[in-house]
Amino acid sequence: MTTITINERTKAGKIVLELAKILSVSSKGVTISEDGLKNNIASTEEKSPYDPKFVEKIKRAEKRANYTKIDPNDIWGSIMSK
């Protein structure tokens, strides 16, 4: 028996999981253990691509609330309304 860990939050993980579900329905040689999959995903932390100092700086700025939020769908409207 082989154990495969799949991150179901990624696009590739979703595809592999759907394929495994299809195989488990049509084949008696494939079984899926949802409990094991959820435990593996919960215990695996994804590493942030951002510098921890930068993340902390952004969190402090959010608490101060002296920043301007810009709507990406209406950038000029967001800037001009202030």
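Just so it is clear, the structure is predicted and the values come from calculations on it, not from any experiment.

Asks: For this particular structure, what's the right way to read the overall build of the protein chain?
Replies: Broken down by element type, the protein chain carries 4 helices and 0 strands. Reading the protein chain from its N end, one meets helices and strands in the order α-α-α-α. Buried positions account for 10% of the 82 residues belonging to the protein chain. Counting only carbon and sulfur atoms, one obtains 56% of the accessible surface of the protein chain, whose full area is about 7,700 Å².

Asks: Would you take a moment to explain helix α3 (residues 52–64) for this structure?
Replies: At 3.6 residues per turn, the α-helix brings residues three or four places apart onto the same side. Under the 1.5 Å per step criterion, the end-to-end length of α3 is 19 Å for 13 residues, consistent within 8% with the ideal 18 Å. Two residues or fewer past α3, Ala-65 is found with a positive phi of approximately 65°.

Asks: What exactly am I supposed to notice about a nonpolar patch on the surface here?
Replies: Among the surface-exposed residues, Ile-70, Ile-75, Trp-76, Ile-79 and Met-80 lie close enough to one another that they form a single nonpolar patch of about 580 Å² accessible area. Inspection of the secondary structure puts Ile-75 in helix α4 (residues 75–80).

Asks: Honestly, the confidence of the model for the protein chain in this entry has me stumped. Any pointers?
Replies: A low pLDDT means the predicted coordinates there should not be read in detail. Residues at a pLDDT of 70 or more form 70% of the protein chain, whose mean pLDDT is 75. Here helix α2 (residues 34–43) is the element of the protein chain with the lowest mean pLDDT, 49, and α3 is the one with the highest, 87. Long-range and interchain partners of residues 37–45, a stretch whose pLDDT sits below 50, account for 9 contacts in this model, where long-range means more than four residues apart.

What counts, and where the lines are drawn
Residues numbered from 1 in each chain as written. Predicted model: local features only at pLDDT ≥ 70, side-chain atom pairs only at ≥ 80, totals over all residues. Heavy atoms only, no water. Helix = DSSP H or I, 4+ residues; strand = E, 2+ residues; numbered from the N terminus. Buried < 20%, exposed > 50% of the residue type's maximum accessible area, 1.4 Å probe, protein only. Areas by Shrake-Rupley, 256 points an atom, 1.4 Å probe, with all protein chains shown as cover. Expected span 1.5 Å × (residues − 1). Patch = residues over 30% accessible without salt bridge, like charges linked within 9 Å, V, L, I, M, F, W, Y side chains within 5 Å. Salt bridge = Lys/Arg side-chain N within 4 Å of Asp/Glu carboxyl O. pLDDT = per-residue confidence, 0-100. Contact = heavy atoms within 4.5 Å.

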